[in-house]
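Residue strings, one per chain:
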Amino acid sequence: MKFISFLFVLIVTSILKVQAQTRQDTLDIKRVALAYIESQHTPNPKQMQDALHPRVVKRSVFKNKKTQKDFVSEYSAENLVILAETYNTNGDKFPKTPKKEIKLLDVSALTASVKLIADEWFDYMHIVKTNGEWKIINVLWQYNKLSEHQ
């Protein structure tokens, strides 16, 4: 019985190791998530573009002030590259030392789920590995203050 239990644990461990990320994957996932926010800190559209999958979508929920109905806003890769180029051109959108905390929520061989905690908001990101590179394919974000979603 002990041998069967040992064999079971060995098989499960082997399977998990095959599906788990490498140390380099972990570094690359964090690098991509940081590139996303840092490209906004110091306007850098190329850095943003390099972090994004071409089919990325960024979404959040807002309330229309006039109708008081919720709606989902969406940004494409093109919108995010323009955001990185224009959002902080005056250098007044972030503190001098901006917060950029990355939490890996789940990582598999080809997918990762990440939480980025910034100063005024947080982003949940899905990051995929395609052609050997990690790229952001989905972002769902929210301001810390719900009143900002008006």
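As a reminder, the structure under discussion sits directly above these lines.
Summarised in this report is the structure supplied together with it. (Residues numbered from 1 in each chain as written. Predicted model: local features only at pLDDT ≥ 70, side-chain atom pairs only at ≥ 80, totals over all residues. Heavy atoms only, no water.)

For the rest of this paragraph, the subject is the pairing of strand S2 (residues 70-76). Side-chain direction in a regular strand flips from residue to residue, so the side chains alternate between the two faces of the sheet. Bridging between strand S1 (residues 52-63) and S2 involves seven bridges; their strand directions are antiparallel. If you follow serine 60 over to S2, its bridge partner there is serine 73. (Pairing = 2+ DSSP bridges. Helix = DSSP H or I, 4+ residues; strand = E, 2+ residues; numbered from the N terminus.)

Scanning the model with the defined rule gives eight aromatic pairs in all. Judged by centre distance (5.8 Å) and plane angle (65°), the ring pair of phenylalanine 94 and tryptophan 121 falls under edge-to-face. Taken together, the residues phenylalanine 94 in the loop between helix H4 (77-86) and strand S3 (101-107) and tryptophan 121 in strand S5 (residues 121-130) connect sequence positions 27 residues apart. You'll find phenylalanine 94 and tryptophan 121 in the same group, each marked buried. A ring pair is formed by tryptophan 141 and tyrosine 143, whose centres lie 4.8 Å apart and whose planes are at 75°; its orientation type is edge-to-face. Using a relative accessible area of 11% as the deciding quantity, one classes tryptophan 141 as buried. Through successive ring pairs, a cluster of aromatic residues spans Phe62, Phe71, Tyr87, Phe94, Trp121, Trp141 and Tyr143. The side chain of lysine 58 reaches across the aromatic face of tryptophan 141, ending 5.2 Å from its centre. (Phe/Tyr/Trp six-rings, centres within 6.5 Å; stacked < 30°, edge-to-face > 60°. Buried < 20%, exposed > 50% of the residue type's maximum accessible area, 1.4 Å probe, protein only. Lys NZ or Arg CZ within 6 Å of the ring centre and 35° of its normal.)

Moving on: the environment of threonine 42. Here threonine 42 shows up in the loop between helix H2 (23-41) and helix H3 (45-51). On the accessibility criterion, threonine 42 (57% relative accessible area) is exposed. For the pair threonine 42 and tyrosine 87, spaced 45 residues apart in sequence, the C-alpha separation works out to 9.2 Å.

Under the defined criterion, the tally for this structure stands at eight salt bridges. A salt bridge links lysine 46 to aspartate 50, with the nearest nitrogen and oxygen atoms 2.9 Å apart. Remark: aspartate 50 and lysine 46 occur in helix H3; sequence separation between them is four residues, near one turn of the helix. For lysine 46, a relative accessible area of 54% translates into the label exposed. Note on aspartate 50: relative accessible area 39%, which makes it partly exposed. (Salt bridge = Lys/Arg side-chain N within 4 Å of Asp/Glu carboxyl O.)

This brings us to unusual backbone geometry. The residue glutamine 68 is not glycine, and still its phi comes out positive at about 60°. Tracing the sequence through the fold places glutamine 68 in the loop between S1 and S2. Residues other than glycine seldom take positive phi values, yet asparagine 131 does so here, at roughly 50°. Structurally, asparagine 131 is set in the loop between S5 and strand S6 (133-143).

Further remarks concern the sheet that holds S2. If you walk across this open sheet you meet the six strands as S2-S1-S6-S5-S4-S3, and the pairing is mixed. The open sheet has two edge strands with one neighbour each: S2 and S3. The average undirected angle you get between the axes of adjacent strands in this sheet is 20°. The sheet strands contacting H4 are S1 and S2, and the helix crosses S1 at an angle near 80°. (Axes fitted to C-alpha atoms, helices over the stretch in contact; angles between N-to-C directions. Contact = heavy atoms within 4.5 Å.)

With that settled, the discussion passes to the side chain of lysine 58. For lysine 58, the position within the fold is in strand S1. Nearest to the buried, unbridged lysine 58 among oppositely charged side chains is aspartate 123, at 4.3 Å. Here the side chain of lysine 58 touches tyrosine 36 through a polar contact of 2.9 Å, side chain to side chain. In contact with lysine 58, not counting residues within four places along its chain, are Tyr36, Ser73, Glu74, Tyr75, Leu80, Leu83, Asp123, Val139 and Trp141. (Lys, Arg positive; Asp, Glu negative; His and termini not counted. Polar contact = N/O pair within 3.5 Å; in protein donor to acceptor, adjacent residues only side chain to side chain.)

Structural measurements only, silent on function.
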